[in-house]
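Analysis of the macromolecular model
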Amino acid sequence: MTTASTDRTTITSTVLVTGAGTGMGALSSLSLARAGHRVFASMRDPEGRNAEKAQALLAQTKDAPGVLSVVELDVLSEQSASDAVDHVVRETGGLDVVVHNAAHLLVGVTEAFSPAEVLRAFDVNAVGALRVNRAVLPVMRRQESGLLLWVGSGTTRAIPPFLAPYSAAKAAFDAFAESTAWDVAAYGIETTILMPGVFTRGTAHFANAAFPADTERTAAYDKIAPFLASMGEDTERLMVNGVSADPQIVADEIARVVGLPAGQRPRRTVADGSDYGAEIINGAAEELRLRLAHRMGVTGLLGRL
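Please read these numbers as outputs of a predicted model, since none were measured by experiment.

1. A few points about the pairing of strand E1 (residues 14-17)
- Burial along E1 is two-sided: the residues Thr14 and Leu16 and Val15 and Val17 are all buried.
- The pairing of E1 with strand E2 (residues 38-43) spans four bridges and is classified as parallel. In the sheet register, valine 15 faces E2, and the bridge partner there is valine 39.
- After leaving E1, the chain enters helix H1 (residues 23-34) and then returns to the sheet as E2, a path that is right-handed.
- The pairing of E1 with strand E4 (residues 97-100) spans three bridges and is parallel. Across the sheet, valine 17 pairs through a bridge with valine 99, a residue of E4.

2. Details of a negative patch on the surface
- Together, Asp45, Glu47, Glu72, Asp83 and Asp86 line one region of the surface with negative charge.
- Within the secondary structure, aspartate 83 sits in helix H3 (residues 78-92).

3. A few points about the packing of aromatic side chains
- Counting across every chain of the model gives one aromatic pair.
- Over the ring of phenylalanine 173 we find lysine 170; its NZ or CZ atom is 4.2 Å from the centre of that ring.
- We note arginine 289 situated over the ring of tryptophan 182; from NZ or CZ to the ring centre the distance is 6.0 Å.

4. Side note on the packing of helix H4 (residues 115-143) against helix H5 (residues 164-184)
- It is at 7 Å that the axes of H4 and H5 come closest, and there the two elements cross at 20°. With respect to H5, the axis of H4 lies roughly parallel. In terms of crossing hand, the pair formed by H4 and H5 is right-handed. Of the residues in H5, those touching H4 at Val118, Ala121, Phe122, Asn125, Ala126, Ala129, Leu130, Asn133 and Leu137 are Pro165, Tyr166, Ala168, Ala169, Lys170, Ala172, Phe173, Phe176, Thr180 and Val184.
- Looking at the contact of H4 with H5 residue by residue, the class counts come to 15 nonpolar, three polar and one charged.

5. Things to note about the packing of H1 against helix H9 (residues 248-259)
- Where H1 meets H9, the axes come as close as 8 Å, and the angle between the chain directions of the two elements is 45°. Between H1 and H9, the crossing angle belongs to the class labelled oblique. As H1 packs across H9, the resulting crossing turns out to be right-handed. Where H1 approaches H9, its residues Met24, Leu27, Ser28, Ser31 and Leu32 are matched on the opposing element by Gln248, Val250, Ala251, Asp252, Ile254, Ala255 and Val258.

6. Some points on unusual backbone geometry
- One non-glycine residue with positive phi stands out, namely aspartate 45, at about 45°.
- Despite not being glycine, phenylalanine 162 has its phi angle at roughly 70°, a positive value.
- Within the secondary structure, phenylalanine 162 is located in the loop between strand E5 (146-151) and H5.

7. Some points on the pairing of E5
- Counting buried positions along E5 gives six out of six residues, so the element sits mostly inside the fold.
- Across the two faces of E5 the burial is the same, with Gly146, Leu148 and Trp150 and Leu147, Leu149 and Val151 all buried.
- Strand direction decides the pairing type here: E4 and E5, joined by four bridges, are parallel. Residue pairing in the sheet places valine 99 in a bridge with leucine 149 of E5.
- One crossover worth recording links E4 to the parallel E5 by way of H4, and it is right-handed.
- Where E5 meets strand E6 (residues 189-196), six bridges bridge the pair, whose relative direction is parallel. Its bridge partner being in E6, leucine 147 is matched across the sheet by glutamate 190.
- In this fold, E5 hands off to H5, which returns the chain to E6; that crossover is right-handed.

Rules behind the numbers
Residues numbered from 1 in each chain as written. Predicted model: local features only at pLDDT ≥ 70, side-chain atom pairs only at ≥ 80, totals over all residues. Heavy atoms only, no water. Buried < 20%, exposed > 50% of the residue type's maximum accessible area, 1.4 Å probe, protein only. Helix = DSSP H or I, 4+ residues; strand = E, 2+ residues; numbered from the N terminus. Pairing = 2+ DSSP bridges. Right-handed = clockwise from strand over helix to strand, strands pointing away. Patch = residues over 30% accessible without salt bridge, like charges linked within 9 Å, V, L, I, M, F, W, Y side chains within 5 Å. Areas by Shrake-Rupley, 256 points an atom, 1.4 Å probe, with all protein chains shown as cover. Salt bridge = Lys/Arg side-chain N within 4 Å of Asp/Glu carboxyl O. Lys, Arg positive; Asp, Glu negative; His and termini not counted. Charge placed at Lys NZ, Arg CZ, Asp CG, Glu CD. Phe/Tyr/Trp six-rings, centres within 6.5 Å; stacked < 30°, edge-to-face > 60°. Lys NZ or Arg CZ within 6 Å of the ring centre and 35° of its normal. Axes fitted to C-alpha atoms, helices over the stretch in contact; angles between N-to-C directions. Parallel < 35°, antiparallel > 145°, perpendicular 65-115°, else oblique. Left-handed = near helix turned anticlockwise from the far one by under 90°. Contact = heavy atoms within 4.5 Å. Nonpolar A, V, L, I, M, F, W, Y, C, P; charged D, E, K, R; others polar.

This is the structure we're talking about:
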C-alpha cells in the first residue's frame, strides 16, 4: 500500500476507484482528490510494475485539498478486493463511494475470439465488479449509506462493429448495476451508471486492446478486412467537429456526481464528446424500470430515496 499524508481537514467522502492506473481511472482519482475527497486509487502491483503510475498519482495530488493513497486491488481476485476494502476501512472507518472503472478493451472479428478469451473479457469487465461489491456492500449496508458509481459504456446502447466481447461484457456489467440497485436501495445505497461516449485518445484503452488469437479466422473475413483496418479512422468520424473527446470530461462528471448530496444523484448520466447518443435510450429505459416496479408491486425495492 502506498499512502499519502492524512493530516487534511477538508475531506468529504471516502472513495475507492478501481482501475486507477491509467486513463479515466487515473483522471478520476486526481479530480476527486482535488475536489477534497479521500481517494483510494487502486491498481495491480503498485509497488512493482505499476510503481511509476502510483508515484505519479501521489505527486500530482501532493497539494490537493483531499488525500490520495494508492492501494493494490486486482478485480480478478476476490481476496485482493477484500484486502483492499479492509485496508480502506481500517484507515478511515468506512467507505462512501466505489467507482467501478476497471475494464479492458477487445477488438476484432467476433468468431475469431475463443470462448476462453470471451470469458476473460466477462471476468474483467463484469464479474470484477461483483468481486469488489462482495467486499464493499457489507460495509455500506452497516452504514446504511453509500454510492455505487458504475462506469459503463455507450456501446451497450448501440453496438459498434468489432467490439463484441467488450460490448457484451459491458452490457453484463450494466445489468449487474441495475440488478444490484434493486438489492441495495433499501439500505440507503445509491446507484449511478455513467455512460461515457467514444474516446480514441487520452486513455490506454486502444493502446492496450486485446485482439483475437485466432488469426486464421480473422483472415477468413477478407470481405470486411478493409473496415477492420480502418476502424480507428472510422471511429474518429464520430468526433464532433473532428475534435477527439478529452476523457477528462468523464472524471469531471464522476467528481460532480460524488459531490452531490445523497438523494440527488442521477440514476444514469452521460459524459460524451462524440455525440454517441446513449441518452436517446436512457430516458425510456428508466421509465420502463419504474413502470416495471409499479406493475410488479415492488416499489419498496426502490429504496427510501
